[in-house]
Amino acid sequence: QVGSTTAGQNISLGGAVSGPYVLTKVGADIVTISGPQTCSGLSVNAGTLALGASNVIADTMPVTVAGGTLAFGAFNDTIGSVTMSGGNITGPGRSP
């Protein structure tokens, strides 16, 4: 899990998260990922998970948005599948 309960706080992850783990965004803050993510899944439960570059999510990675926002911004990415039970996906570069 990555995130903070402090709204408006920004956290940047420039490196990769890899292995049999789901990267889960929690808390009210903004986390920006800019390194290649090769973990087994991505989940947004609260706050904002923002892309800081194009092609940071593995093309076959499943993504779950249960709350909060997955923000593509101006970046493009291809992802495996999307499951939404709440929250938002924003940005002109989104390509689910």
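Residues numbered from 1 in each chain as written. Predicted model: local features only at pLDDT ≥ 70, side-chain atom pairs only at ≥ 80, totals over all residues. Heavy atoms only, no water.

A. Highlighting the sheet that holds strand S3 (residues 30–33). In spatial order, the strands read S1-S3-S5-S7-S9; together these five strands make up an open sheet with parallel pairing. Each edge of the sheet is formed by a strand with only one pairing partner; in this case those strands are strand S1 (10–13) and strand S9 (88–90). For this sheet, the mean angle separating the axes of adjacent strands, direction not counted, is 20°. Relative to S9, strand S7 (residues 69–71) is paired through three bridges, and the arrangement is parallel. By the bridge assignment, Ala 71 is partnered in S9 with Thr 90. (Pairing = 2+ DSSP bridges. Helix = DSSP H or I, 4+ residues; strand = E, 2+ residues; numbered from the N terminus. Axes fitted to C-alpha atoms, helices over the stretch in contact; angles between N-to-C directions.)

B. Expanded view of the side chain of Lys 25. By secondary structure assignment, the location of Lys 25 is in strand S2 (residues 18–25). In contact with Lys 25, other than residues within four places in its own chain, are Val 2, Gly 3, Val 31, Ser 43, Val 44, Asn 45, Ala 46, Gly 47, Thr 48 and Leu 49. (Contact = heavy atoms within 4.5 Å.)

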